[in-house]
Amino acid sequence: MGEAIAKRAFSKALSIVVALAAGAGLSACSFEPPLHLPRVPAGYTAGPPPQKTVGSPHGGATMQKFTYGQNLDADWWTSFHSPRLDALVVRALRNSPTIAAAQAQLRQAQADMAVNASIFYPQVTGNLGASRQKSSGANFGGKFSGFTYSLFTGSVGVSYYPDIFGVNRLIYRGSEAQMAYQRYELAAARLTLAGNVVNTAIGQASTQAQIVATETIIARERALLHLTEAQYRGGGVPYLNVLTQQSQLLASESTLPPLQQQLALYRHQLAILAGVFPSQWQEKPFTLEEITLPREIPVALPSTLVEQRPDIQAAEQQMRYALAQIGVAKAQFFPIVTLSASFGASSLTPDLFFNPLSSVWGVAGALAQPLFEGGKLRAQERAAYAAYDATFAGYRSTVLGAFGQVADALRALEHDGASVRTQSRSLQTARQAMTLAEAGYRSGSTDYLFLLNAEVTYQNARIALLRAEAQRYQDTTALFVALGGDDWGKSTATQRDNQAKGQQP
């Protein structure tokens, strides 16, 4: 019977708290200003945007076509049709410590948001205590020596902070924006990492091809030097010709160590991007033959770019957080209401602890209204507005930078096509000259020195074309990264990564 009475008393106290909280919630309001995003232009470039790049009638330059208004797939690197490159990007996304750090920061933001969400619920605390005490006889005029007693207490307390002016919701909304910010930061880290992997692989392939061509040039020029020396010994040419050929050979040989060093750097960088030590990297170098230049390039509309580029979305979430902080600063001028209720028991002996006579309970409400803060609240409000102005400027800077990157990449690809076509024609001309030199040498109309020179010219033209092609590959990658991908949450690489870590995609 005692327990029933206790439960009824506690239920009554709790009902009062809930009623007060509900009434307070009805009058809740928010001081958060609305979010206004700046308008973006309808295009990326000054003047008509490029529709396609120039091609070559002989197939030396691949034509690329831009499809405006079509979104880029999140797994954009698959457009290069290189299974080994695809596997390397997925491996890097799975093993990179940069991605792991961004994932941990996202989990932290999610936990912080859950902490702030707890403010919407009553906080229930249970207390149980037992003490042994001796009172002082002086409290009774010294007529008694005091007495010793035991005290047993137990209670359940409920406290609640009604969201009268929307402060709790503003705090939660701020943490929600922080969580979304970290989610977009993770997407930006993935996008950047994928772009670095593809760029490094392309650079490695180009450097490897340049090394092969340079070694061929050195071999031919060494043969030219031997032939020139023989002609000098036979009295056919002056010694100046020998020195000139020696200088040309040394100049060509001097270009080989930097290329070899660059190839080593690419190898080390790929290992680090994949999350392994350079000494453990066993992958063979990429070649341009196993990477196909994308012919169809989807280009999102400007209005879509601001919605799908993760760094722009992250900047927007920072603005939302700053707006929530303005609302919190404004709400500090208004009262803070606290509601609480408690029920328990207190007795001098354990056998009376559950007796209804030992029950105690209480219901309380408190209101705190700032009266004088020495200008602190106004200063906090000004600081919140200034913080928002800073995030707004940061957002504009991010959007401007994104549009500039897309415009740069579009124009670069337009010019890369022309450069590749020119270099391709140069290579064809050098190939024809070498073919004629070979025919003349076989017929006896030209000497071997002329043939070797034609071969060196051909190899130099080949190196120039390799560099132009690699630049076009890398500018294509830059455009893909600048466009940001469509939806990283739907990325198959992301799904594989999450499944490997036991997370939901």
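Residues numbered from 1 in each chain as written. Predicted model: local features only at pLDDT ≥ 70, side-chain atom pairs only at ≥ 80, totals over all residues. Heavy atoms only, no water.

So, the packing of helix α4 (residues 167-233) against helix α5 (residues 239-254)
Short version of the rule: Comment: axis = line fitted to C-alpha atoms, over the contacting stretch for helices; angle = value between 0 and 180 degrees taken between N-to-C directions. In this description a helix means any DSSP run of H or I spanning at least four residues, a strand means any run of E spanning at least two, and both kinds are numbered starting from the N terminus. For classification purposes, angles smaller than 35 degrees are called roughly parallel, those larger than 145 roughly antiparallel, those between 65 and 115 roughly perpendicular, and all remaining angles oblique. Should the near helix be turned anticlockwise from the far one by less than a right angle, the crossing is termed left-handed; should it be turned clockwise, right-handed. In this description, contact between two residues means that some pair of their heavy atoms is separated by no more than 4.5 Å.
The contact between α4 and α5 brings their axes to 9 Å, and the two run at 165°. The angle between α4 and α5 falls in the class roughly antiparallel. α5 is crossed by α4, and the crossing has left-handed handedness. Note on element contacts: α5 touches α4 through Y239, N241, V242, Q245, Q246, Q248, L249, S252 and E253, opposite T214, I217, I218, E221, R222, L224, L225, T228, E229 and Y232.

Here's the deal with helix α10 (residues 448-483)
The test is simple: A helix is expected to reach a length of 1.5 Å times the quantity of its residues less one.
Taking 1.5 Å as the rise per residue, α10 with 36 residues should run 52 Å; its terminal C-alpha atoms sit 53 Å apart, in good agreement. Positioned one or two residues after α10, G484 has a phi angle of 90°, which is positive.

Points about the packing of aromatic side chains
Operational definition: Two aromatic rings from Phe, Tyr or Trp, using only the six-membered ring of Trp, form a pair when their centres are within 6.5 Å; if the ring planes differ by under 30 degrees the pair is stacked, by over 60 it is edge-to-face, and anything between is tilted. Under the scheme applied here, a residue whose accessible area is under 20% of the maximum for its type counts as buried, over 50% as exposed, and between as partly exposed, the area being computed with a 1.4 Å probe on protein chains only. Our definition puts a charge over a ring when NZ of Lys or CZ of Arg is within 6 Å of the ring centre and also within 35 degrees of the ring normal.
Summed over all chains, the structure comprises 10 aromatic pairs. Judged by centre distance (5.0 Å) and plane angle (20°), the ring pair of F31 and F334 falls under stacked. Here the residue F31 occupies a position in the loop between α1 (2-26) and β1 (65-68), and F334 occupies one in the loop between α8 (310-331) and β5 (336-347), the gap between them amounting to 303 residues. When the ring of F80 is compared with that of F480, the centres are 6.1 Å apart and the planes differ by 75°; the resulting orientation is edge-to-face. A residue pair is termed long-range when its members are at least 10 positions apart, and F80 in the loop between β1 and α2 (83-95) and F480 in helix α10 qualify at 400 residues. The pair F80 / F480 is uniform in exposure class, with both members buried. Directly above the aromatic system of F286 lies the positively charged group of R84, at a separation of 4.1 Å from the ring centroid. The ring of Y184 has R183 lying over it, and the distance from NZ or CZ to the ring centre is 4.9 Å.

Details of the pairing of strand β2 (residues 123-134)
Stated formally: Pairing between strands requires that DSSP locate at least two bridges from one strand to the other.
Sparse coverage of β2 is indicated by the burial of zero of its 12 residues. Strand direction decides the pairing type here: β2 and strand β3 (residues 148-160), joined by 12 bridges, are antiparallel. Across the sheet, A130 pairs through a bridge with F152, a residue of β3.

Quick notes on the sheet that holds strand β6 (residues 359-368)
Pairing within the open sheet is antiparallel, and its four strands lie in the order β2-β3-β5-β6. Lying at the two open borders of the sheet, with one neighbouring strand each, are β2 and β6. This sheet shows a mean twist of 20° between the axes of neighbouring strands, independent of strand direction.

Comments concerning the nonpolar core
Rules: Nonpolar cores are built from buried Ala, Val, Leu, Ile, Met, Phe, Trp, Tyr and Cys residues. Side-chain atoms within 4.5 Å join them into one set.
If you look at the biggest cluster of nonpolar residues, it comprises 66 residues, and the most contacted ones within it are W76, F80 and L479. A total of 12 residues in this core trace back to one element, the largest contributor, which is α4. Residues in contact with W76, not counting those within four places in the same chain, are L191, A194, G195, V198, T477, F480 and V481. L427, L451, Y458 and A461 belong to the second largest nonpolar core, which has 11 residues in total.

Examining a nonpolar patch on the surface
Selection criterion: Put simply, a patch holds well-exposed residues, over 30% relative accessible area, that have no salt bridge, with like charges counted together within 9 Å and Val, Leu, Ile, Met, Phe, Trp or Tyr side chains within 5 Å. Only the protein chains shown count as cover for residues, with accessible areas throughout obtained via the Shrake-Rupley method and a probe of 1.4 Å. We define a salt bridge as a contact between a side-chain nitrogen of Lys or Arg and a carboxyl oxygen of Asp or Glu at a distance within 4 Å.
On the surface, Y232, Y239, L240 and L243 cluster together to form a nonpolar patch covering roughly 410 Å² of accessible area. A total of three residues in the nonpolar patch trace back to one element, the largest contributor, which is α5. Following the sequence through the fold, Y232 ends up in helix α4.

Quick word on the side chain of Q317
If you trace the backbone, Q317 turns up in helix α8. Residue class for Q317 comes out buried when judged on its relative accessible area of 10%. Residues within four places of Q317 in sequence aside, it is in contact with A177, A180, Y181 and Y184.

Considerations on the packing of α5 against helix α6 (residues 256-273)
As a reminder of what qualifies: Three classes are used, and their members are as follows: Ala, Val, Leu, Ile, Met, Phe, Trp, Tyr, Cys and Pro are nonpolar, Asp, Glu, Lys and Arg are charged, and the others, Gly among them, are polar.
At a minimum axis separation of 4 Å, α5 and α6 run at an interaxial angle of 10°. Between α5 and α6, the crossing angle belongs to the class labelled roughly parallel. Within the contact between the two elements, α5 uses S252, E253 and S254 and α6 uses L256, P257 and P258. The residue makeup of the contact of α5 with α6, split by class, is three nonpolar, two polar and one charged.

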